[in-house]
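Residue-level structure breakdown
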Amino acid sequence: MDRLPGGPTPTTQAIKAGWLDKNPPQGSYIYQKRWVRLDANYLRYFDSNKDAYSKRFISVACISRVTAIGDQKFEVITNNRTFAFRAESDAERKEWMQALQQAVIEQRARARLPSASLSGVQGSEPPDRAGSLELRGFKNKLYVAVVGDQVQLYKNLEEYHLGVGITFIDMSVGNVKEVDRRSFDLTTPYRIFSFSAESEQEKEQWLEAMQGAIAEALSTSEVAERIWAVAPNRFCADCGAAQPDWASINLCVVICKRCAGEHRGMGAGISKVRSLKMDRKVWTETLIELFLQLGNGAGNRFWAASVPPSEALQPSSSPAARRRHLEAKYLEGKYRRYHPLFGNQEELDEALCAAVTTTDLAETQALLGCGAGVNCFSGDPEAPTPLALAEQAGQTLQMEFLRNNRTTEVPRLDLMKPLEKHYSIVLPTVSHSGFLYKTASAGKLLQDRRAREEFSRRWCVLSDGVLSYYENERAVTPNGEIRASEIVCLAVPPPDFHGFEHTFEVYTEGERLYLFGLESADLAREWVKCIAKAFVPPLAEDLLARDFERLGRLPYKAGLSLQRPQEGWFSLTGSELRAIFPEGTCEEPLQLRKLQELSIQGDGENQVLVLVERRRTLYIQGERRLDFTGWLGAIQRAAASSGDTLSEQQLGDSDIPVIVYRCVDYITQCGLTSEGIYRKCGQTSKTQRLLESLRQDARSVRLKEGEQHVDDVSSALKRFLRDLPDGLFTRAQRLSWLEASEIEDEEEKVSRYQELLARLPPVNRATVKALISHLYCVQCFSDTNQMNTHNLAIVFGPTLFQTDGQDYKAGRVVEDLISHYVVVFSVDEEELRKQREEITAIVKMRVAGTASGTQHAGDFICTVYLEEKKAEAEQHIKIPASMTAEELTMEILDRRSVSVREKDYWTCFEVNEREETERPLHFAEKVLPILHGLGTDSYLVVKKHPSMEAMLLYLASHVGDTKHGMMKFREDRSLLGLGLPSGGFHDRYFILNSSYLRLYKEIRTQRTWNGVPETSHRPEKEWPVKSLKVYLGVKKKLRPPTCWGLTVVHETEKHEKQQWYLCCETQMELREWFATFLFVQHDGLVWPSEPSRVSRAVPEVRLGSVSLIPLRGTENEMRRSVAAFAADPLSLLRNA
């Protein structure tokens, strides 16, 4: 049997197990029945076959011989202990002896060591931590060793060396948690082991070691075994320790656990450390192959080409010695093999561009390590960087190596004084000391209040980049220390959050949280300032100019791809998130209450926080779970409404509270023609629930007809405005507004209103304008809703001025503002025209709906098709002014209960049947303006975008936001859809950037210094890229030369429309051009940052993938075009 009933699954298969009689240690003639189990490593005996943990175990490696002593007895003899057992028969004794002797032989063969030379249970493997601990239930201290994925218990140090212990605990079922200052529990499903250490510092070290054992137990060695297949990779590249299970993926070396800790201390700009056993998702086939090709052999031929024997590391070297050696090796490049081109930057870059197109990875490693620029310009606009050259040449291993080294710092010659070295984090010179109150470090966020009794007074010293804490000011040896280079975040909780009035939290790379407290605000602020200066580099010093609630470094990506994040510095103050990126640029602060989107992608260890504001998208990656969770909670709290005043609400782009915007937008679309709108009251309970959800997080609330009644929404809006503590018009100015209403001269009164409006706070002023603009629209429908200007004033006067309704002047102010809306708010002709168009559209659609009998008053109804234009695919849907193409897509899919696979890119398309073109709408594009402009030959259809994944892959690997190349060009100067075009298709050279699309008649073959082909003259034509609409397809009567065409429409300043036609040589070119158009027109945000909004992982239901219309060419060409466009985009990408 190979499993104990009720116990854990053994880590190795049992060779033999059964009941035996055992002679007690005192040599008594009374034998005790024991359950005995033998596996390849241990002989263990238990009180019962149901026990999970043994009474004693003997390492097979320490058994010297097994002998028979008569009467079915046999002895197991170690170096200085003998264990006597008795079987039930001679045959059974023989089986046990043979099994034991065979296990000893195999163990010695594996270890290749004589039995007498082994010490400790695990042979030559050193423990991660070993020492004496108190264990509840034992009178004397036990000797405890953390070895790999086990915690082993021995009576004393002597038995540890003899390999005879009490039991060991498999940490795959273990969990550790601290109990008090010196105690902690190791919990398993079968027993709780309660340990006590000598000191708080020692307890924290034991906790860290046991947590490492848990991680080891839950890991897999598959990747490690494959990488160890190459002989040099079986030993640490730095100290030579056997079976290293960590690696630096940018340096491409395999290292041991002890060296990995020092690599981390140098920062991610020098070494990106990953585990071979735990970071499973990192180890792609390409990365594993890269380590098999380079690894420790090539790595040390370059990095350790000239290490003096006196400076070489050993497995037993101290942490300080490792740190000195590794900084010299990788930070300074002291032992590296210098490339012949070292010192000549231009030639290094040229050599790198040549090397990446070959299979010579060692040459690429040497060039990068000697200063070649990983992002240098290649001189080829088609492949402007070494990465693009490697991709063009099909060198996937070179591509992987370059990607991993995009942010790696080049070693600097050690020509400067120690404090002048340009390390990833400059060595700090801050010094500070004093008493602090400290709790035990934690491995998770402190959700509960820490009482004053949990803090211990410690003398703390910050010096030479290390924060040390001592028992008292006279102590020589610190209880513990925190290196500034390991600090990743500094947080300041609100006053009185814990037992001390002022506290601050320090987060480290080792996933530990340290809490300190003080009574004095000034002393606490001074400590926070000094610690911040110690770990923040000079490029991010601007973040220290203001008080902050949270400060630290985080991996981020400010673009489309999340695959290769960089490390930036962030500070959070109030609702403002400031950021400084590696190039030293200080970004405009993100106003968290004005975010358009705050969402979390992924799960577990791969979470990404997505922040979208004013066309900016920032992806913050959760590389370290502890501090990322703290950042996530802090940002979510800062982005939420923090009070009852207008300025404390979540705000939109125009400084209008999202609560007001949500309610006004819903009533505009669903309630303009509702009789008695705003006069009627909604149900109190529904109104209260709606208002609470809006106040909690208005950004996430979506109001839908059928779920909320317009009277409930209108009542929630009125209640919100009435409950504002300072009122919409503010208490200070309320009387002035009421007095202004009594001015008899209309011009003077309007002028006074404008003056008072200018005095309002910005948020109040924007809200007043938005509300009055909305009421102006409501009174336009007074013939239906019975709410003219006077009636609205009666309702909103007391609400906005928070009166009891007895003062008529409040209503007069509101009536005046609605009546003189255009003048008071300086509404220009363009703004008024858009508003009138919206009202006209409402009227038209209401009339059309009434005539067809399919529409209720006030509805915006549009016919949208699913997948193809046919009667059974029709969907009649209400289109509010705020609805985006993404929201329309989701609405259609929800209505039809369409099941979607994970990578189905559902999109809303605008289709023009006459022009034989279609255009996928950008997900953030408003649908209503598009509906207004649709002709009788156009319609909307929701279907899968067959090329989106290929376009996203192209953009993720593409460098920059420009594209240039040859295309076939034909112009049509007539108005869109009128007249006949003339001429044919001609070759033209195009350059597309973030501002313009430029057309050149011809180009020269000579290339200029920046790699863009030199044109023969100024551009023949150019168009602002934002004014273009790009459609897929060219109508077949134009006889396009290829099957891959685009129709481009440009509207001039005089509102004249021009269009022309472009044809590409291949489908891949078409995708690249179209993807670049989308990228530059929408500031890099091509697809929603939250994929789940348009892709829901549920079982597949195929509704068809019929292409909407023939795109171009002959009938056969069109069929091929449709088939290719609907095919798997990834396979087409590989075949192109």
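The model shown is predicted, which means the values in this text are computed figures rather than measured ones.

1. Some remarks on the overall build of the protein chain
Broken down by element type, the protein chain carries 31 helices and 46 strands. Burial analysis of the protein chain (1136 residues in total) assigns 53% to the buried set.

2. Observations regarding the environment of lysine 73
By the element assignment, lysine 73 lies in strand β6 (residues 73-77). The spatial distance from the C-alpha of lysine 73 to the C-alpha of aspartate 90 is 8.4 Å, given a sequence separation of 17 residues. Excluding anything up to four places from it in sequence, lysine 73 contacts Tyr31, Ala68, Phe85, Arg86 and Arg93.

3. Quick notes on the pattern of salt bridges
Inspection of every chain in the model, using the stated rule, returns 50 salt bridges. One salt bridge connects aspartate 47 with arginine 34, and the closest N-O pair in it is separated by 3.3 Å. One end of the pair, aspartate 47, is in the loop between β3 (42-46) and β4 (56-59); the other, arginine 34, is in strand β2 (residues 32-39), with 13 residues separating them in the sequence. Among the residues examined, aspartate 47 registers a relative accessible area of 39% and is labelled partly exposed.

4. Here we look at the pairing of strand β27 (residues 566-573)
For strand β26 (residues 550-557) and β27, the ladder comprises seven bridges, and the chain directions are antiparallel. Counterpart to leucine 551 in the pairing with β27 is serine 571. Two strands pair when backbone bridges link them, and β27 and strand β28 (residues 576-580) are joined in this way by five bridges, in the antiparallel orientation. When the sheet's bridge partners are listed, threonine 573 is paired in β28 with glutamate 576.

5. Observations concerning the confidence of the model for the protein chain
Summing up the model confidence of the protein chain, the mean pLDDT is 80 and the portion of residues at 70 or higher is 84%. Helix α31 (residues 1129-1135) is the least confidently modelled element of the protein chain, averaging 34 in pLDDT, while strand β17 (residues 253-255) averages 95, the highest of any element. Confidence drops under pLDDT 50 across residues 113-124; counting only partners more than four residues distant or on other chains, this segment forms 25 contacts. Ignoring residues within four places in sequence, the model shows residues 414-428, a span with pLDDT below 50, making 26 contacts including any to other chains.

6. Observations regarding helix α19 (residues 746-759)
Between its first and last C-alpha, α19 extends 20 Å over 14 residues, near the 20 Å set by a 1.5 Å rise per residue. All buried positions along α19 are accounted for by Lys749, Val750, Tyr753, Leu756 and Leu757. End-on, the buried residues of α19 take up no more than an arc of 125°, which puts them together on one face. Exposed residues on α19 whose side chains face more than 90 degrees from its buried face are Glu747 and Ala758. Residues of α19 that are buried sit in contact with α18 (731-740), α20 (762-780), α23 (808-819) and α24 (821-824). With a side-chain oxygen positioned 3.3 Å from the backbone nitrogen of glutamate 747, the residue opening α19 is aspartate 745.

7. A word on the sheet that holds strand β14 (residues 183-187)
Judged by pairing direction, the sheet is antiparallel, and its seven strands sit side by side in the order β12-β10-β9-β8-β15-β14-β13 without closing on themselves. For this open sheet the edge positions go to β12 (167-170) and β13 (175-178), each flanked by a neighbour on one side alone. This sheet shows a mean twist of 35° between the axes of neighbouring strands, independent of strand direction. Relative to strand β9 (residues 142-147), strand β8 (residues 129-135) runs antiparallel, the two being bridged by five bridges. In the strand pairing of β9, serine 132 is matched with tyrosine 143. Running over the sheet, helix α3 (residues 200-217) touches β8, β9, β10 (150-154), β12, β13, β14 and β15 (192-196) and is turned about 110° from β8.

Parameters at a glance
- Residues numbered from 1 in each chain as written.
- Predicted model: local features only at pLDDT ≥ 70, side-chain atom pairs only at ≥ 80, totals over all residues.
- Heavy atoms only, no water.
- Helix = DSSP H or I, 4+ residues; strand = E, 2+ residues; numbered from the N terminus.
- Buried < 20%, exposed > 50% of the residue type's maximum accessible area, 1.4 Å probe, protein only.
- Contact = heavy atoms within 4.5 Å.
- Salt bridge = Lys/Arg side-chain N within 4 Å of Asp/Glu carboxyl O.
- Pairing = 2+ DSSP bridges.
- pLDDT = per-residue confidence, 0-100.
- Expected span 1.5 Å × (residues − 1).
- Arc of directions from axis to C-beta.
- Polar contact = N/O pair within 3.5 Å; in protein donor to acceptor, adjacent residues only side chain to side chain.
- Axes fitted to C-alpha atoms, helices over the stretch in contact; angles between N-to-C directions.

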